[in-house]
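Here are the chains, one letter per residue:
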Amino acid sequence: MRKSPFVPGEYYHVYNRTILSIPEFKEKNNCDRLLQAFLLANSTKSSQAFEYLRNNATCGVGVGLNLLAKALEIARGGEKLVDVLCYAIMPDHYHLLIKEVKEKGVTEFIRKSNISIAKYVNKSKERRGTIFEGRFKSKHIDSNDYLRHLSLYIHLNPLDFIAGKDWREHKLEDWGQYKNKLLNYRWSSLNFYLSKSSNEIISGHEIITSQFKNKDDYEFYLKSWANDSIENDLFLE
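Residues numbered from 1 in each chain as written. Predicted model: local features only at pLDDT ≥ 70, side-chain atom pairs only at ≥ 80, totals over all residues. Heavy atoms only, no water.

K.L.:
Looking at this model, I keep getting lost on the confidence of the model for the chain. Mind explaining?
P.N.:
Detailed reading of the predicted model is not advised wherever pLDDT is low. Of all residues in the chain, 92% attain a pLDDT of 70 or more, and the chain-wide mean is 89. Taken as a whole, residues 229-237 scores under 50 in pLDDT and shows 29 contacts with residues more than four places along the chain or in a different chain. (pLDDT = per-residue confidence, 0-100. Contact = heavy atoms within 4.5 Å.)

K.L.:
What should I look at first to understand the sheet that holds strand E3 (residues 93-100) in this one?
P.N.:
Adjacent strands of a sheet form backbone hydrogen bonds with each other and so pair up, either parallel or antiparallel. Strand order in the open sheet formed by 4 strands is E2-E3-E1-E4, with antiparallel pairing between adjacent strands. At either end of the open sheet lies a strand with only one pairing partner, and these are strand E2 (82-90) and strand E4 (137-140). Across the sheet, the mean angle separating the axes of adjacent strands is 15° when strand polarity is ignored. Both strand E1 (residues 11-17) and E3 contribute to a ladder of 7 bridges, which runs antiparallel. Across the sheet, residue Val14 finds its bridge partner in E3, namely Leu96. Seen against the sheet, helix H4 (residues 105-125) touches E1, E2 and E3 and runs at an angle of roughly 150° to E3. (Pairing = 2+ DSSP bridges. Helix = DSSP H or I, 4+ residues; strand = E, 2+ residues; numbered from the N terminus. Axes fitted to C-alpha atoms, helices over the stretch in contact; angles between N-to-C directions.)

K.L.:
How should the nonpolar core be read in this particular structure?
P.N.:
Within soluble globular proteins, side chains that are nonpolar tend to cluster in buried spots. Counting residues in each nonpolar core, the largest one holds 71 residues, and the members touching the most others are Leu96 and Leu97. The contacts of Leu96, once residues within four sequence positions are left out, are Tyr12, His13, Val14, Phe38, Val84, Cys86, Tyr87, Phe109, Ile110 and Ile154. (Core = buried A, V, L, I, M, F, W, Y, C linked by side-chain atoms within 4.5 Å. Buried < 20%, exposed > 50% of the residue type's maximum accessible area, 1.4 Å probe, protein only.)

K.L.:
Just to check I follow, could you spell out the side chain of Asn122 for this structure?
P.N.:
The residue Asn122 is located in helix H4 in this model. The contact partners of Asn122, leaving out residues within four places of it in the chain, are Arg127, Arg128, Gly129 and Ile131.

K.L.:
Even after reading the chapter, I still don't get unusual backbone geometry, so can you show me in this structure?
P.N.:
Trans is the prevailing form of peptide bonds, just as negative phi is the prevailing case for residues other than glycine. Positive phi, normally seen in glycine, also occurs at Leu20, with a value near 60°. Within the element layout of this structure, Leu20 appears in the loop between E1 and helix H1 (28-41). In this structure, Ser21 is a non-glycine residue whose phi angle is positive, near 55°. With respect to the secondary-structure elements, Ser21 resides in the loop between E1 and H1. A relative accessible area of 33% means that Ser21 is categorised as partly exposed.

K.L.:
Sorry, what's going on with the pattern of salt bridges here?
P.N.:
Opposite charge on two side chains permits pairing when their charged atoms draw close. With the rule as written, the count across this model stands at 15 salt bridges. A salt bridge links Lys125 to Glu24; the shortest N-O distance between them is 2.8 Å. Separated by 101 residues along the polypeptide, Lys125 in helix H4 and Glu24 in the loop between E1 and H1 bring together distant segments of the chain. Owing to a relative accessible area of 31%, Lys125 belongs among the partly exposed residues under this scheme. Looking at Glu24, the relative accessible area reads 1%, which means it is buried. Residues Glu108 and Lys112 are paired through a salt bridge, measuring 3.9 Å at the closest nitrogen-oxygen approach. With Glu108 and Lys112 both in helix H4 and 4 residues apart, the pair spans about one turn of that helix. (Salt bridge = Lys/Arg side-chain N within 4 Å of Asp/Glu carboxyl O.)

Shown next, in the form of structure tokens:
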């Protein structure tokens, strides 16, 4: 039993670390497949969507765009489980800011996503078993400040390996140097927030973006958090 059970309409910080912190997501293919899992798992018809891919994928060949489009069409025929507002995939873990839409939606979404990526990684490495340590961790977001700051924290997380961890102490120097590297990191939702790029994984983000005048305002807040003394003690890792 979790200390904070998931409730429809509530927001949560979900994070999941690999066993022994093995950097499974240093491999681009694994990152891409996890994003694909996030897309397909967010539906009451995700099992049919995944089954369609399994039955139609050519042995030894990656999932083609046409196959993925059909699988997405199947998934969209079901009910959404969660809203994914933000995400970042790190070498040995991932972060999500999500809202439960359907009862037990968070648990089902994470379970299906984790099973999908585990099957992919295990097949490519000829092994078995889970790739994540224990049960995924979560924390209920109980205030608007937490919600707003968490989006920034998740989007800045890739700075850990791009620039080091000085940003966690609000000591990042030369924001301009690292901004483009953050935007070029494909396995985060930051690009959606700072540019005009689309992102089919993201929904429900308006509760965050409506608190900023525009994308430049959001970037300014991001930059200030990395450089200045805005509190950073709400987060677990």
